[in-house]
Structures are given as structure tokens and as C-alpha cells.
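Working through the structure, step by step
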Amino acid sequence: MADAATLEAPETQPHHDGGDHGHDHHEHHPFHAHHFDSMDQQFEAGKLGIWLFLAQEVLFFSGLFAAYTVYRYHHPEVFVNAHTHLNVWLGTLNTIVLLASSLAIAWGVRAAMRNDRQTILFTHVFTLACAALFMGVKTVEYTHKWDEGINVAGFYTYDESAHGHGTPAHGAWHERMPAIIATTLGVGLLVSLVGVWMTSADRVVSGWTVGSIGLSILFIGLGIVVAKCVMPDARQLALMDAAHGGAHHAAHDDHGTDPHAAESHAETSATEPAAVESAATEPAATDAAAAEPAVATPPDPNFGPANFFSIYFIMTGVHAVHIIAGMIAITWIVARTAANHFSSDYYGPVEYVGLYWHLVDLVWIYLFPLMYLIH
Amino acid sequence: MISQSREHSLLEAIAADPSRKVTPPVGPSYLTNPPGTGFWQGVMSWVFTLDHKRIGVMYLCGIMFAFLLGGLQAGLVRFELWDGTPNLLGQTEQQAQDAYNQAFTLHGAIMTFLFIIPSIPAALGNIFLPMMLGAKDVAFPRMNLASFHLWCGGAMFFVATLLTTGLDTGWTFYTPYSTTTSTNVILATMGVFILGFSSIFTGLNFVVTVNTMRPKGMTWFKMPLFLWGIYSTAIIQVLATPVLAITLVLLLCERTMGIGIFDPARGGDPVLYQHFFWFYSHPAVYIMILPAMAIISEVIPVFCRKHIFGYSFIAYSSVAIALLGFLVWGHHMFTSTESKLAAVIFSALTFSVSIPSGIKVFNWLTTMYKGSIRLATPMCYALSFLFLFTIGGLTGLFLGALAVDVHLHDTYFVVAHFHYVMMGGTLIAFLAGVHYWWPKAFGVMYNELWARVACLLVFVGFNLTFFPQFILGTQGMPRRYAGYKDEFQFFHQLSTSGFVVLGLGLFLAAGVLIASLFNGRKAPANPWGAATLEWKCCSPPTHHNFIEQPWVGEPYVYDDFVFDPDEGGYVEVIPDLSRGAKPAKQPAEPTTV
Ligand code: HEM
Ligand SMILES: [Cu+2]
């Protein structure tokens, strides 16, 4: 459309001649930044911006996925073996929780487009609750492993042979858990109630903000409780193991993948100083050496479950950091919705945060099968 | 090229009808605050400004400080190498060697992460990209400010590294040494991590700004080439930097928690680190050179008064370099356990990158052909760029050739190569840009004569410093050693002497520019007769850049510009609407593609 009027008067300042234009009401929108010509342009800019940010996020994670791929390619057996320590039910639960949250937040964006303030609020608060539940479940998963000595390679003390023979859990996290549950539930409930009270006392924005924070804490606690129900604690595990006569332990052995079998390869590739060292510290490995057939590239004897868990903790840890960032962003949206900032004219931030949240979920959708479901 | 008769007719036209002369109205400079602003208010008006120009100026000051810091380290390195025994930087030979390792590491890291990468995009790009679009600001001014604050944060980590135990890993932080050395790897890598996000924010902002804020009439292929270059750079910044970020996170975890990913003793692979690192850092060399090429593409046509030759080739070649740059990282690992097949493939891909670079060089030369060349300071720098970058690029091909690299890897040949491209290319182009835009950014003209003398000194000094290093490299002098055999001494001393000349040249250039702030002639709106939009507002611009929306014309058509002695600069004679000129802004839809 060649706008003849403006062609003739190029000096016209867009901001001072609003009266002649259909864009009039946009110009005075309180959230219209002065350097954009129109609200549409502002929205498009924000949208492209968030997409680029997501591209950046994908590449950030891609480094981790690359590391995962390289090491799994070289040591498939270690991955298959080590992943059995992960609880598939908890992983599934978290996947469902995140999928639900994604659905909710998408609904919320739709609500923003339709000026439906109540629905934006409730969907976002629901999303927050899901995120918190996810973090609660992760807390149980992490602490449980730490108690068992399963950690990143540098702190990995788990002893495969000692486990399953009735070794009691020795971790401190396990003992602290009831207190953590009580605190999160109590504090969460209290803060949530304060939020509700503030909302009813006409302090809507701070009320919803405080309420969201309280609800998040509360649901972390709930997540812990739920996860505890699904994942038997170490003592129960030990009992179960005793009952099953260590059957599941035996299954590991015939994979030929436990650290001892792997170490026996070391003997055949004594060229690597590190290999010699580890073989020397593990005298038990020597006898099996002669029986091993020569392999072209012997598996690295230093690579074991500890490496898998390094990757596991870094990947899920970085993902969890993103969840927390997302929770902060969602709380911000809740507060701004409460302050009545959004309407069908201006709902950019709702959509941007929603997109970010989908990405965080998407990463989990990849992490879940790669970590929990490998065969 | 604009003919003399055309110039006469333009002068006659404005004499006959002065209203055809486009003179941008003058407003309050963005550099000054309204009278009555208190001191702290004034400081805050800078530190928390959202004005892209002020952010750019702060970046300019910041990176110049970093350049000085890195330059001092370079001096330590060069003087230590005056003779073959490590004796300057420490009491004992061991101490001298340790100090030498620290000096070259911090030199490289500061120059790369704090200076070169932000130099052109964050300083000059910030000031001029929105203006070239006829826009008031970048798309996300707050993010832009955050980017600068992050830069300052990253810089502080580096200063802290410098002041504590230093750093001796080399700027590449290769494992396993970086996970075991007692120097402060953690501080430094956190600094780089933060700087990475500063760079990502800048890039993201620029992509969005160019995509969504181009004025009516400025289609992609009517954009100034500077914008194409910055745009391509920005894409690399957004897509490559996060890989560096995660690499550094892994390195930090490796160092603090022993995650074993890069540690052979724990089953990890240190070469994986190199792959990760170069997946960023090879594209990063294009973060450094593309904006430099972009400046050259602006300067050459203006000072030849001739339309740029092969506009679309230059534009596409920027994008091609950006994309191909992602595929060649393996040429840094030819000698570190890369498989033969991978090495051959990476070698071939490396050669392919030089094609778009070559296209640019030929187009610049062709632009100059039969142009009326004015050897003003920016053009002098542009000419030295052409010469030095060509040497740098060609020697890159020697290194990309697999068989040759096995001999030349980790020698001074590599050092000379990358200094020719990074310093001879990027720094020289940066200086060209600074001299070109100085009148616009600060509203004053510098002393041409002394500026050109400085340029000459820099050129001579640079070649004297780095050309001998090619010879040293071919003779087998390895890089990163504080001592050497006597046979290398001559060339090392040549190089150190060159460093002195180079330093003098750079200080002179800085002095000339700074002096101009105090006693420079007031700059006209368009001192060089350029046709891009940033010259169509007053010098220095006002807070919102354009008081009146400028006309968007062809960026490299100089037919309507004529030197007007009354103004002391060039003026645009109102273009005929029939020639397709359009006003920059219409309050209608944004131009998205
Ligand atoms: C014309 C295209 C180019 C080619 C074919 C090329 C090729 C190469 C090759 C093969 C190496 C590895 C040498 C070795 O370590 O043995 C190398 C190193 C290097 N190049 Fe280039 N290069 C080119 C342009 C550039 C540009 C434009 C820059 C920066 C502005 C640059 C910066 C570097 C740096 C910093 C290193 C050394 C890194 C280190 O080990 O510390 N190169 N180049
Ligand atoms: Cu490279």
C-alpha cells in the first residue's frame, strides 16, 4: 500500500499525527516502547527475540547431548547398566507433570489472547505447581542417589558389590528428609495462605505473587512426598533385595558389564598408564584377564557408571536450573496478570514465557528416554 | 563515480533553490545532559542509559581499556623474547617461564574475549546499526544495557584473575592442563562465560533489530553492507556462543567436581574439549572478521565515490562465511588424534571458506578500479586492511592444507597467521571504522595529517612485528616458549622492534582522536559524502537520532551528494521521488520478511 499522504510529507512524526491514523489507540498503549512504530512491530520483535533465545538454548544443551552421544557410542554397555539405578516411575511421573504444565501454559497464552484474565492466572499457577512438583521429585531422586554414593565421577563412592547385600543406607539426606518435608509443606502452606489473605485484602498483585511463591514451596514438598511413596527408601530396598535373594543383582552380572568385567580389559591394553594404575589398585581383576579375547578397541577401564552419572547429573542439573528460571518467569507473569497488564492488545510476555517453558519441557522429553529408558 | 558536470549541476540546483538542500536539523547532542544535571545524576544517566549510542560509547571506552591491558601483556611477551634466555619476567629461569606463560595467556584471553569480539559489533555496531536503519534504538534497549553490564562483570573477573594467581593455560583453556594447573582457571572461565552472554545478547538484539525495524523502502538488498556483516556476525554470536558457554560449564564442573568428561584418568576425552572449544572458537574468528569486512565495505565505496561492486555477492558471501564457518572447526585438531578421514574432510571444508573471503577482496578491488580515490585516514586503514587480510587469509590456506599444517602447527607461523587476520584484519578495520565514524559519533574532525601518519606507523610496525614470525615459524620456532635457540634471535629482535613502532603508532592514533575532542573542528553532518542513513542526522546525533525522518535511498549511490563549502561537508540534494526514494518511516506496518 503506497501511502500517498506520507510520501508527500516525509517529515511527519508518526507519534504526533496519530489522529489521522487507524493506529491511534496503539500509540497510547502504556506498554508501547517509544522506539517501535507500532504494537505489532513490538510484538514481532519480541517474538523473534524469544525464538532466537530458544535457538541459543538448544545449542547450549546441544553440547551436553553431544557429550552424551559420544560417550554412549563408545561405551553403550556402561550406559545400559548404569541407567538401571534410575527409577522409571519417577521419570514417567515427571514427564507427565511437565506435559500437563505445557498444556496449561499454552492454554494460558490462548486465554491472554482472549482477554481472559482469570484463566491466565489459574493456568500459570497450575504450571507453577507442576514445576514445583517436578523439582520435589527431582529432590528425592538426587538425594537418594547421593545417599547411596551415586554422584558425579569425582564424588562417586557407590560400591556395586556391597549393594544388595543388606548394606543399610548411610546417607544423611535420607534422615533429613522428614524435616525437609515438614518445612516445605508448612512454610508453603503458610505463605500460600498469606497470599490468599492479601488478595482478599485488596492487595491483589502482591497477593498473587506471594501466593505463587507459597504454592511453589508447598508443591515441592508434595513432590517429595509423592516421590517418596513411589521410590522406596534405601532401607526398604535392602529389605526387598534380601527378599528377592539378590536376583536382580545377578542379572547385572551376566551382562558382563559390571566394573570388574570391564577392568579385565585393562590387562590387554596395558599401554595406557591410567589403565595399569587402575588395574593395580584392583587386584581382583587380574585372574579374569587371560580368559578375555583380544578386542580391537578395548573399552576404557576407567569409564564406568560414575561417568554415566556425571552426564546424568550435569544434564538434569542444567535442566533443573532452567526449570527454576522458568518458575521465576512464570511468577512474574502471574504478578503482571494480577496487575492487569495483559490484554489481547498486549500479551507478548505471556507468549514468550510460554514458549520458553515449552522448550524446557521439550528438553526433558529428550532427557527422559535418553536417561531412563535405554536398553 | 560521480562526474564533475553532475556536481556542477547539483551545486547550481541548490544555489537556485536552497530548499532542495537537505540539511538535517540540529538538536541537543546525545553526549551531553541538559543544563542543571547534577554530577551523580550525570553519571547515572550514562551507567543506566538505554540510548544505544551511549552504550556504544561506553563499550568503546571499555574495550579500549581492555586493549591497553592486553597490549601491555603483549609488551611483556615481546620483551621477554628479545633474547633466547628467559630472564626478564622472573628471577630464575623457572619463574620467568611461569610469568611468560601467564603473560601470553592473559594477552590472548583479554584480546580475544574482552577486546576483539565486542570491538566492532558492540561498540561501533551499537552506535551505528540503529542509525543506519533510521531507527530510534535497537529492539531491546534494556537487554543492550544488560549486555554492557555483563561485559563489565566479565572484565572484572579477568582483572581479578590478573590480580590473584593469574592464568597460564593459554587462551584456549585446553584440558587436561586447565583442570590441573594451580592458576585461577575458575575465575577466568566464569569471566568468559559471562562475556559469552554479553555477546549473545548483543547478537540477538541486532538480528531482531535488522529483521523487524528496517524502514519502509529498505529491503534486504538495499541495506548497507555493514548491516549484512553485522547481521551475519550476530547469527554466529547467537548460535555458536552457547556452545562455548556449556563447554566452560563442563570445564568448571570438571575442575571443581571431577565429572570426568574431559579427564582421561576418569575415562573422559580431553580432545572432546578441543572439539567443543573450536566449535565455538572457529566461528568466533568470523565473529571477529565479518564486522571488519563490513566496515571495509562501507569505507571503500565512499572514498572512491563509486557504487560498491558486486553488492549482492558481498552480502551473500557474509552469510556464506557465517554458515561455512560452522563446519571447519576440525582444522585445529589435525595433529591431535583426529582420524585421517575427518582431517581430510575438514581440510577441504577449510578451503571452501576462503572462497567467499576471496569474493569480497575482489569486489573491493573492483570497486576501487577507476574510482576517484581519496586517501583520507579511513581509506588508508582500509587499504592496509586489504593488504594485511589478504596475507592472513592466504596463510590460513597454508595451514588448512593438511600436510603443511603438520609441520606448521603450533609454530610461530600460526601466530603470524592469526595476527595478520585478527590484528591486521579486525583491528585495522576497527580503526578504519573509528576514524570513519568519529565525526558522527563525537561531532568533531580530527587532524587528518597526524591520523594518517599514525596509520602509516601502525602499518609498518605491524608488518615488522609479524612478518618475521612467518619466517620463524617455517624454520621451526614453536609458539608459547619463553626461550629459543640463538638462530632465531635476529627475527625475534626484528619482531620486538616492530612492536615498539606499532605501539607508537597506536598511541599516536589514540592521541590524535582524543585531542580532537578538545580542539577538533566541528564536524558537518556528512563529512565524507556517504549515502547511508547515519549521515543524515546532525553530528553528533540527538537522543532519538533523527529529528526528521531521513530519506531512504540507495546506500551506495552518490549522485545526489555534493560538497557544499558553506557547510564544510557534503549535502544531499533532495532526490526526485521518481527515482524511487522513500521516507524512512511511515507509521504503518513494520517491515517483516
Ligand atoms: C581465510 C580463511 C582462514 C583459514 C583458511 C584459516 C585457517 C586456519 C588454520 C588451519 C588454523 C590452525 C593452525 C594450527 O593450529 O595448526 C588457524 C588458526 C587460527 N586462525 Fe585462522 N584461518 C582463516 C581465517 C582466520 C580469521 C579471519 C581469523 C580471525 C580473525 C583467524 C584466527 C585464527 C586463530 C586465532 C588461530 C589460532 C588459534 C590457536 O591455536 O590459538 N583465522 N587458521
Ligand atoms: Cu579455525
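This structure is a prediction, so every number in the text was calculated from the model and none was measured.

Our next topic: the overall build of chain A. A tally of regular secondary structure across chain A gives 14 helices and zero strands. Of the regular secondary structure in chain A, the N- to C-terminal order runs α-α-α-α-α-α-α-α-α-α-α-α-α-α. Taken over 375 residues, chain A has a buried fraction of 51%. When contacts within chain A are restricted to residue pairs at least 6 apart in sequence, those whose partners lie at least 24 apart make up 79%. For chain A, the exposed surface amounts to about 17200 Å²; the carbon and sulfur share of it is 67%.

For chain B, the helix and strand inventory stands at 16 helices and seven strands. For 593 residues, the compact-globule estimate of 2.2 N^0.38 gives 25 Å, and the C-alpha radius of gyration of chain B, at 24 Å, lies within 12% of that figure. With 593 residues in all, chain B has 61% of them scored as buried. When contacts within chain B are restricted to residue pairs at least 6 apart in sequence, those whose partners lie at least 24 apart make up 80%. Surface exposure of chain B reaches about 21100 Å², of which carbon and sulfur atoms provide 69%. Of note, chain B has its 30 positive side-chain charges centred 7 Å away from the centre of its 31 negative side-chain charges.

This structure, assessed with the given rule, holds 70 aromatic pairs over all chains. Ring plane angle 70° and centroid distance 5.0 Å describe the contact between Tyr-142 of chain A and Phe-313 of chain A, whose orientation is recorded as edge-to-face. Of this pair, Tyr-142 of chain A sits in helix 6 (residues 117-148) while Phe-313 of chain A is found in helix 13 (residues 305-338), placing the two residues 171 residues apart along the sequence. Each member of the pair, Tyr-142 of chain A as well as Phe-313 of chain A, carries the same accessibility label: buried. Over the ring of Trp-46 of chain B we find Arg-54 of chain B; its NZ or CZ atom is 4.4 Å from the centre of that ring. Lying across the ring of Trp-220 of chain B, Arg-214 of chain B places its NZ or CZ 4.3 Å from the centre.

Once that is clear, we can look at the coordination of the copper ion (ligand 2). All names here are of chain B. For the copper ion (ligand 2), the protein coordination sphere consists of His-282 (ND1), His-331 (NE2) and His-332 (NE2), at 1.8 to 2.0 Å. Spacing between the donor residues of the copper ion (ligand 2) along their common chain follows H-x48-H-H. A separation of 4.6 Å is found between the copper ion (ligand 2) and the iron atom of ligand 1. Here His-282, found in helix 9 (residues 270-304), pairs with His-332, found in the loop between helix 10 (311-324) and helix 11 (340-368); they are 50 residues apart in sequence, far enough to count as distant. Using a relative accessible area of 5% as the deciding quantity, one classes His-282 as buried.

With that out of the way, let us pick up the site of ligand 1. Residue and element names in this part refer to chain B. Taken together, 21 residues sit near ligand 1, with Trp-171, Asp-405, His-409, His-417 and Arg-479 positioned nearest. Between ligand 1 and the protein, one listed contact pairs an oxygen atom with a side-chain N or O atom of His-409 at 2.6 Å. Taking Arg-479, its side chain carries an N or O atom lying 2.8 Å from an oxygen atom of ligand 1. Listing elements by their share of the shell around ligand 1, those giving two or more residues are helix 9, helix 12 (377-400) and helix 14 (412-442).

All names here are of chain A. In the contact formed by helix 5 (residues 88-113) and helix 14 (residues 348-372), the axes pass within 9 Å of each other and the chain directions differ by 160°. Taken together, the axes of helix 5 and helix 14 lie roughly antiparallel to each other. Like other packed secondary-structure pairs, helix 5 and helix 14 cross with a definite hand, here left-handed. Tallied by class, residues from the contact of helix 5 with helix 14 come to 14 nonpolar, nine polar and two charged.

Before going further, it helps to spend a moment on the pairing of strand 5 (residues 561-564) of chain B. All names here are of chain B. Here strand 5 runs beside strand 6 (residues 569-573); their pairing, made up of four bridges, is antiparallel. Bridge pairing links Phe-563 to Tyr-570 in strand 6. Taking the residues that link successive antiparallel strands as the turn, the strand 5-strand 6 hairpin has four residues, and the phi of Gly-568 there is positive, at about 75°.

Turning next to the UniProt feature "domain: Cytochrome oxidase subunit I profile" (unreviewed entry) in chain B. In this structure's numbering, the residues bearing the UniProt feature "domain: Cytochrome oxidase subunit I profile" (unreviewed entry) are residues 40-553 of chain B. A distance of 42 Å separates the end C-alpha atoms of residues 40-553 of chain B, which is 71% helix and 1% strand.

The next point concerns the interface of chain A and chain B. Listed as interface residues are 47 residues of chain A and, on the opposing side, 50 residues of chain B. Both sides together, the interface formed by chain A and chain B hides about 4200 Å², and carbon and sulfur atoms give 71% of it. There are zero salt bridges connecting chain A and chain B. Our count for the contact surface shared by chain A and chain B stands at nine residue pairs in polar contact (both at pLDDT 80 or more). Elements that contribute at least two residues to the side of chain A that touches chain B include exactly helix 1 (4-8), helix 3 (39-74) and helix 13 of chain A.

Moving on: helix 13 of chain A. Residue and element names in this part refer to chain A. The end-to-end C-alpha distance of helix 13 is 48 Å, a good match for the 50 Å that 34 residues give at a rise of 1.5 Å each. Of all the 34 residues making up helix 13, 28 are buried; the element is thus mostly covered by neighbouring parts of the structure. Within two residues after helix 13, Asn-340 carries a phi angle of roughly 65°, on the positive side.

This next bit is on the side chain of Arg-214 of chain B. Its place among the elements puts Arg-214 of chain B in the loop between helix 7 (185-212) and helix 8 (225-257). Here the side chain of Arg-214 of chain B touches Met-218 of chain B through a polar contact of 3.0 Å, landing on its backbone oxygen.

Looking at the iron atom of ligand 1, one finds just one donor atom contributed by the protein, His-417 of chain B (NE2), at 2.1 Å. With respect to the helices and strands, the residue His-417 of chain B is situated in helix 14.

Moving on to the pattern of salt bridges. Residue and element names in this part refer to chain B. Using the criterion set out here, one finds 10 salt bridges over all chains in the structure. Measuring nitrogen to oxygen at the nearest pair gives 3.8 Å for the salt bridge that ties Arg-266 to Asp-263. Given the relative accessible area of 30%, Arg-266 is considered partly exposed. Between Lys-536 and Glu-572 there is a salt bridge whose closest N-O contact spans 3.4 Å. With Lys-536 in the loop between strand 3 (521-522) and strand 4 (551-552) and Glu-572 in strand 6, this pair connects stretches of sequence that are 36 residues apart. The pair formed by Lys-536 and Glu-572 is uniform in burial state, with each residue classed as buried. Taken together, the shared-partner salt bridges in this structure form one network comprising Lys-21, Asp-564 and Glu-567.

This part takes up the environment of Asn-307 of chain A. With respect to the helices, strands and loops of the structure, Asn-307 of chain A is situated in helix 13. On the basis of relative accessibility, which here comes to 4%, the residue Asn-307 of chain A falls in the buried class. Sequence separation between Asn-307 of chain A and Phe-79 of chain A is 228 residues; the distance between their C-alpha atoms is 8.9 Å. Excluding residues within four positions of it along the chain, Asn-307 of chain A makes contact with Asn-302 of chain A together with Gly-260, Arg-266, Gly-267 and Gly-268 of chain B.

Thresholds applied
Residues numbered from 1 in each chain as written. Chains lettered and ligands numbered in written order. Predicted model: local features only at pLDDT ≥ 70, side-chain atom pairs only at ≥ 80, totals over all residues. Heavy atoms only, no water. Helix = DSSP H or I, 4+ residues; strand = E, 2+ residues; numbered from the N terminus. Buried < 20%, exposed > 50% of the residue type's maximum accessible area, 1.4 Å probe, protein only. Contact = heavy atoms within 4.5 Å. Areas by Shrake-Rupley, 256 points an atom, 1.4 Å probe, with all protein chains shown as cover. Rg over C-alpha atoms; globule rule 2.2 N^0.38 Å. Lys, Arg positive; Asp, Glu negative; His and termini not counted. Charge placed at Lys NZ, Arg CZ, Asp CG, Glu CD. Phe/Tyr/Trp six-rings, centres within 6.5 Å; stacked < 30°, edge-to-face > 60°. Lys NZ or Arg CZ within 6 Å of the ring centre and 35° of its normal. Donors = N, O, S within 2.8 Å, 3.2 Å for Na, K, Ca; no water. Near = heavy atom within 4 Å. Polar contact = N/O pair within 3.5 Å; in protein donor to acceptor, adjacent residues only side chain to side chain. Axes fitted to C-alpha atoms, helices over the stretch in contact; angles between N-to-C directions. Parallel < 35°, antiparallel > 145°, perpendicular 65-115°, else oblique. Left-handed = near helix turned anticlockwise from the far one by under 90°. Nonpolar A, V, L, I, M, F, W, Y, C, P; charged D, E, K, R; others polar. Pairing = 2+ DSSP bridges. UniProt positions renumbered as here; feature names shortened; annotations may be inferred. Buried area = accessible area lost by both parts, 1.4 Å probe. Salt bridge = Lys/Arg side-chain N within 4 Å of Asp/Glu carboxyl O. Expected span 1.5 Å × (residues − 1).

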